[in-house]
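Okay, here's what each chain looks like letter by letter:
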Amino acid sequence: MLFTGEYEHTIDDKHRLAIPSDIRSAMSTKMHGDAFYVALGANDVLWLWPEKQFMEIASQLSNSPMQSEDLLEYEVFLFSQARRLELDKTGRVRLPESLISMVGLGSRVTILGVRDHLELRDPEAWAKERQDRFTQHRDLVLGARRALDKTNSNEG
């Protein structure tokens, strides 16, 4: 599934977060599973993956080119902090308080669709980062295009 978009939501007093309805409606139990997994992402924010995608990532790690010591450290941290989040009848997941605290999320959250996962961001921090990236937009786009062109020319 391709995740895109930006959504403003809240985390309630019971740590529940509504998954945006257009994301839920695009998902199927057969392809994506019945739940999400949440863990700390590479950029120190919470990442959510559909259940089956997270399972695929887990199975691919056994074929990783990472050094075994580095892979073990990564796996210990990723899987010890990861939690399976079931959707309730209204499309909400209950986030672990420990992870909310770890990344400093408050009651307001911005949910970002980032290709293969969702990211949960502090709205003010995201607004500043988005503005910073906007000023670098041209360079980011051109750099990505050059990388894709190089990859495509190496395959041909």
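Heads up: the structure comes first, above all this text.
Residue positions are counted from 1 within each chain, in the order its sequence is given. In view of the model being predicted, local features appear only for residues whose pLDDT reaches at least 70, and side-chain atom pairs are presented and counted only at 80 or more, with totals across whole chains, interfaces and linings using the full set of residues. In computing side-chain properties, one takes all heavy atoms of the structure into account and sets aside hydrogens as well as water.

Asks: Provide a residue-level description of the overall build of the protein chain, including the pertinent values.
Replies: Per the convention used, a helix needs a DSSP run of H or I reaching at least four residues, while a strand needs a run of E reaching at least two, with both numbered from the N terminus. Along its length, the protein chain carries seven helices and eight strands. Each principal axis of the C-alpha distribution contributes one length, and for the protein chain these read about 50 × 40 × 30 Å. Taking all 156 residues of the protein chain together, 33% fall into the buried category. Partitioning the contacts of the protein chain with sequence separation of at least 6, the portion at a separation of at least 24 is 60%. The accessible surface values rely on the Shrake-Rupley method and a 1.4 Å probe; as for residues, cover is taken only from the protein chains in view. Carbon and sulfur atoms form 52% of the exposed surface of the protein chain, whose accessible area is close to 10,100 Å². Burial classes: relative accessible area under 20% of the type maximum marks a residue as buried, over 50% as exposed, and values in between as partly exposed (1.4 Å probe, protein chains only). Contacts were defined at the residue level, with two residues in contact if any of their heavy atoms lie within 4.5 Å.

Asks: An account of the pattern of salt bridges is needed here, citing residue identities and associated values.
Replies: Should their charged atoms come close, side chains of opposite charge can pair. Salt bridges are defined as contacts in which a side-chain nitrogen from Lys or Arg sits within 4 Å of a carboxyl oxygen from Asp or Glu. The full count for this structure, using the stated rule, is ten salt bridges. The closest approach of N and O atoms between Glu119 and Arg121, which form a salt bridge, is 2.8 Å. Among the residues examined, Glu119 registers a relative accessible area of 4% and is labelled buried. By relative accessible area, Arg121 is classed as buried at 7%.

Asks: Now, about the sheet that holds strand β1 (residues 6-10): what can you tell me, with residues and values included?
Replies: In any sheet, the strands associate via hydrogen bonds between backbone groups, in a parallel or an antiparallel arrangement. Within the open sheet, the six strands sit side by side as β1-β7-β8-β4-β3-β5. Their pairing is antiparallel. In this open sheet, the two edge strands, each paired with only one partner strand, are β1 and β5 (83-86). Between one strand and the next, the sheet's axes are offset by a mean angle of 30°, whatever the strand orientation. The pairing criterion is simple: DSSP has to find at least two bridges between the two strands. Across five bridges, the pairing between β1 and strand β7 (residues 108-114) is antiparallel. Looking at the pairing, Thr10 lines up with Arg108 of β7. Each axis is a line fitted through C-alpha atoms, taken for helices only over the stretch in contact, and angles between the N-to-C directions span 0 to 180 degrees.

Asks: A description of the side chain of Gln81 should follow, citing residues and the corresponding values.
Replies: The residue Gln81 is located in helix α4 (residues 68-81) in this model. In terms of polar contacts, Gln81 uses its side chain to reach the side chain of Ser80, at 3.3 Å. Here a polar contact is taken to be a pair of N or O atoms separated by no more than 3.5 Å, where protein atoms must pair a possible hydrogen donor with a possible acceptor and residues adjacent in sequence count only if both atoms sit in side chains.

Asks: Explain the nonpolar core residue by residue, including any values.
Replies: In terms of nonpolar packing, the biggest core is built from 21 residues, with Leu17, Phe36, Leu48, Leu95 and Leu120 touching the most fellow members. The set of elements that each furnish at least two residues to this core consists of β3 (35-40), β4 (46-50), α5 (97-103), β7 and β8 (117-121). Look past the residues within four positions of Leu17 in its chain and what remains in contact with it is His9, Thr10, Ile11, Gly91, Arg92, Val93, Leu95, Val109, Ile111 and Leu120. What we call a nonpolar core is a set of buried Ala, Val, Leu, Ile, Met, Phe, Trp, Tyr and Cys residues that are connected through their side-chain atoms within 4.5 Å. In terms of nonpolar packing, the next biggest core, distinct from the first, is built from eight residues, Ala39, Val45, Trp49 and Phe54 among them.

Asks: Provide a residue-level description of the environment of Glu6, including the pertinent values.
Replies: One can find Glu6 in strand β1. Sequence separation of Glu6 and Gly113 is 107 residues, and the distance between their C-alpha atoms is 6.4 Å. When residues no more than four places from it in sequence are discounted, the contact partners of Glu6 are Thr110, Ile111, Leu112, Trp126 and Arg130. A polar atom in the side chain of Glu6 sits 2.3 Å from the side chain of Arg130.

Asks: Lay out the pairing of β7 in plain terms, naming residues and giving numbers.
Replies: Consecutive residues of a regular strand have side chains that alternate between opposite faces of the sheet. The element β7 is largely enclosed, with a buried count of five among its seven residues. Summarising the sheet, β7 and β8 pair through five bridges and their orientation is antiparallel. Bridge assignment links Val114 to a residue of β8, and that residue is His117. Connecting β7 to the antiparallel partner β8 that follows it, the hairpin turn spans two residues, and Arg115 within it adopts a positive phi of roughly 60°.

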